[in-house]
Amino acid sequence: MTVAPHFQFKNDTLHAEETSLEQLAKDFGTPLYVYSRHALKDAWESYRVAAQGRDVLVCYGMKANSNLAILNEFAQHGTGFDIVSGGELARVIAAKGDPKKVVFSGVGKQTWEIEAALDAQIKCFNVESEGELLRIAEIAARKNTIAPISLRVNPDVDAHTHPYISTGLKDNKFGIAIEDAPRVYQLASTLASLKIVGVDCHIGSQITDISPYLDALDKLLDLIDGLAASNIHLSHLDIGGGLGIRYTDETPATPTMLLTEVFRALDARNLSHLQLVLEPGRSMVGNAGVLLTRVEYLKQSESKNFAVVDAAMNDLIRPTLYDAWHDVEHVSPSSNTQPRARYDIVGPICESGDWLARDRDLNLEPGDLLAIMSAGAYAFTMASQYNTRPRAAEVLVDGHSVHLVRPREKLESLFESERILP
Ligand code: LLP
């Protein structure tokens, strides 16, 4: 069994659904991202079931994976989107997503991005500072329109996750301190070009336990009660994204576990009329993808065995950036009967930080195909062209059908827009 239900061994070869990964590597080359359509559907379904028929809007945190095919798949199920840039808004529109189901987060919204979001009539801006609030109000007034806003509050709770992906602590750059929120809502209520529609928080990512959510929720519900007392009424509550996935042996809370508790808290405070908005990213796509890579060379130093593969930190930066663990599966285990050896799986890039996995016991030969698991989220979207390496191709598998959803970048396209001085 692998960590991902739609990536399993059949006749000793790892498959994506009904399709052999060996065959995909032959047809499309490596490094190659492979996604499972049924895994996307299952992830979406787990949120649908968790909603228990109540008014819940899932705004997929599309920074996790923004390939148009994936956005379109979710859009067809009625998903909204959490965006953090004008570029992401353009992707939503290109993927036939509904801008009216878009929430716009991020601490640095620029004027053109605010204008584009107003033109597209998004659901709401998750406002992260007073300065941004005033800028949105000014732009909306100039355009003679009304901007729907929600404040992203920072509840100062510890999400118990990696410091780079923790966002709900006082020291993080995100959101408006919860103590300041009542004052900023009052200010917003005096600005005629704004319409207050909600409150929002997002406390971090790869959270496996629901208690930090419930701590944050408690503080948000106090805030909502306080606002109601001063006649500011909200129509939605956005609790952000952040639910974790299994990379190896984690047992993350499920959407149903989380929402059951959230509904209980809302009902206890007579706030069940509020629409609940969620912004899940990783849990929608993380285990719907793998990265295929081939072993180029095996190499030994005095103390280490290295398997040099054709994928690198430019394809998948999570290991080097967060010390993240991704399981590594041998797509078709070699027939040789040598004992396994302990390898670091490293890429060709000229950095010691260029590794994908460390200390893995494998029985490898040059030419072997490996699958780096749980590579559906924050993988391709964080890829770069460092060392002038074209970004990998992406395919989406649906049973026996295979769709190339992004061809491998062409080498020339990497520098075709650059100019030599006259
Ligand atoms: N909403 C907001 C405002 C966010 O900033 C994020 C992620 C999400 C939703 C989605 O969170 P998720 O459900 O995916 O945890 N690159 C890192 C993760 C960065 C998360 C950034 N914000 C990684 O590879 O672990």
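Residues numbered from 1 in each chain as written. Predicted model: local features only at pLDDT ≥ 70, side-chain atom pairs only at ≥ 80, totals over all residues. Heavy atoms only, no water.

## Quick notes on the overall build of the protein chain
Next, step 1: Across its full length, the protein chain carries 11 helices and 21 strands.
Next, step 2: Over its C-alpha trace the protein chain gives a radius of gyration of 23 Å, about what one expects of a compact globule, namely 22 Å for 422 residues.
Next, step 3: For the protein chain, the spread of C-alpha atoms along the three principal axes comes to 75 × 60 × 45 Å.
Next, step 4: When each of the 422 residues of the protein chain is scored for burial, the buried share is 55%. (Helix = DSSP H or I, 4+ residues; strand = E, 2+ residues; numbered from the N terminus. Rg over C-alpha atoms; globule rule 2.2 N^0.38 Å. Buried < 20%, exposed > 50% of the residue type's maximum accessible area, 1.4 Å probe, protein only.)

## Overview of the side chain of S66
Next, step 1: With respect to the element layout, S66 can be found in the loop between β5 (56-61) and α3 (68-76).
Next, step 2: A relative accessible area of 10% means that S66 is categorised as buried.
Next, step 3: Apart from residues no more than four positions distant in its own chain, S66 is found in contact with L71, R91 and T381. (Contact = heavy atoms within 4.5 Å.)

## Focus on the confidence of the model for the protein chain
Next, step 1: Within the protein chain, residue pLDDT values average 96, and 99% of them lie at 70 or more.
Next, step 2: Averaged pLDDT values over the elements of the protein chain bottom out at 95 in strand β10 (residues 176-177) and peak at 99 in strand β4 (residues 32-36). (pLDDT = per-residue confidence, 0-100.)

## What about the pairing of strand β19 (residues 369-372)?
Next, step 1: Neither face of β19 is exposed, since L369 and A371 on one face and L370 and I372 on the opposite face are all buried.
Next, step 2: Relative to β19, strand β16 (residues 328-330) is paired through 3 bridges, and the arrangement is antiparallel. By the bridge assignment for β19, H330 is matched with L370. (Pairing = 2+ DSSP bridges.)

## A short note on the environment of T2
Next, step 1: Examined against the element boundaries, T2 turns out to sit in the segment before β1 (7-10).
Next, step 2: Given the relative accessible area of 9%, T2 is considered buried.
Next, step 3: Along the backbone, T2 and E329 are 327 residues apart, and their C-alpha atoms lie at a distance of 8.1 Å.
Next, step 4: Beyond its immediate sequence surroundings of up to four residues, T2 is in contact with F7, Q8, F9, L14, E329 and M373.
Next, step 5: Of the polar contacts made by the side chain of T2, one reaches the backbone oxygen of A4; its length is 3.0 Å.
Next, step 6: There is a polar contact of 2.6 Å between the side chain of T2 and the backbone oxygen of F7. (Polar contact = N/O pair within 3.5 Å; in protein donor to acceptor, adjacent residues only side chain to side chain.)

## So, helix α9 (residues 255-268)
Residue pairs three or four apart in sequence face the same way in an α-helix, which turns once every 3.6 residues.
Next, step 1: When the terminal C-alpha atoms of α9 are compared, their 20 Å separation across 14 residues agrees well with the 20 Å that a helix rising 1.5 Å per residue should span.
Next, step 2: Here α9 has its buried residues at P255, L258, L259, V262, F263 and L266. The buried side chains of α9 occupy one side of the element, clustering within an arc of 125° when seen end-on. In α9, those exposed residues whose orientation departs by more than 90 degrees from the buried face are R264 and A268.
Next, step 3: Among the structural elements, α2 (37-50), β5, α8 (211-229), β12 (236-238) and β13 (275-278) are those in contact with the buried residues of α9.
Next, step 4: Just downstream of α9, N270 is the residue with a positive phi angle, here 55°. (Expected span 1.5 Å × (residues − 1). Arc of directions from axis to C-beta.)

## Digging into the pattern of salt bridges
Once the charged atoms of two side chains with opposite charge are near each other, the side chains can pair.
Next, step 1: A complete count under the given rule lists 22 salt bridges for this structure.
Next, step 2: For D267, the salt bridge is made with R54, and the minimal N-O distance between the two is 2.9 Å. A residue pair is termed long-range when its members are at least 10 positions apart, and D267 in helix α9 and R54 in the loop between α2 and β5 qualify at 213 residues.
Next, step 3: Classification of D267 by relative accessible area gives partly exposed; the value is 36%.
Next, step 4: Here R54 falls in the partly exposed class, since its relative accessible area comes to 30%.
Next, step 5: With a shortest N-O distance of 2.9 Å, R389 and D315 are connected by a salt bridge. Of this pair, R389 sits in the loop between β19 and β20 (393-398) while D315 sits in the loop between β15 (305-309) and α11 (318-322), and the two are 74 residues apart along the sequence.
Next, step 6: Accessibility expressed as a relative area gives 1% for D315, which makes it buried.
Next, step 7: Each of D218, D222, D225 and R269 takes part in a single network of salt bridges with overlapping partners. (Salt bridge = Lys/Arg side-chain N within 4 Å of Asp/Glu carboxyl O.)

## Some details on the domain arrangement of the protein chain
Where the parts come together, the accessible area they lose is often given as the size of the interface.
Next, step 1: Per the domain assignment, the segments making up the protein chain are domain 1 (7-36 + 286-414) and domain 2 (105-280).
Next, step 2: In this structure, domain 1 and domain 2 have C-alpha centres spaced 36 Å apart.
Next, step 3: On the side of domain 2, 8 residues touch domain 1, which itself brings 10 residues to the contact.
Next, step 4: Taken together, the links from domain 1 to domain 2 amount to 0 salt bridges.
Next, step 5: Counting across the interface, domain 1 meets domain 2 through 1 residue pair in polar contact (both at pLDDT 80 or more).
Next, step 6: Per-class residue counts for the side of domain 1 that touches domain 2 are 4 nonpolar, 4 polar and 2 charged. (Domains from an automatic or database assignment. Nonpolar A, V, L, I, M, F, W, Y, C, P; charged D, E, K, R; others polar.)

## Description of the site of the ligand
Next, step 1: Taken together, 17 residues form the shell around the ligand, and within it S205, E279, R318, Y322 and Y378 come nearest.
Next, step 2: Take G242: an N or O atom from its main chain is 2.8 Å from an oxygen atom of the ligand.
Next, step 3: Y378 is positioned with one of its side-chain polar atoms (N or O) 2.6 Å from an oxygen atom of the ligand.
Next, step 4: For the ligand, whose accessible area on its own is 580 Å², the fraction buried by protein is 92%.
Next, step 5: Of the residues in the shell around the ligand, the class split is 5 nonpolar, 6 polar and 6 charged.
Next, step 6: Residues from two domains meet in the shell around the ligand; each of domain 1 (7-36 + 286-414) and domain 2 (105-280) gives at least three. (Near = heavy atom within 4 Å. Areas by Shrake-Rupley, 256 points an atom, 1.4 Å probe, with all protein chains shown as cover.)

## Some words on the packing of helix α4 (residues 86-94) against helix α5 (residues 111-119)
Next, step 1: One can describe the packing of α4 onto α5 by two numbers: an axis separation of 9 Å at closest approach and a directional angle of 25°. In this view, α4 runs roughly parallel relative to α5, as classed from their interaxial angle. As α4 runs across α5, the sense of the crossing is left-handed. Every residue of α5 that contacts α4 at G86, G87 and L89 is listed here: W112, E113, A116 and A117. (Axes fitted to C-alpha atoms, helices over the stretch in contact; angles between N-to-C directions. Parallel < 35°, antiparallel > 145°, perpendicular 65-115°, else oblique. Left-handed = near helix turned anticlockwise from the far one by under 90°.)

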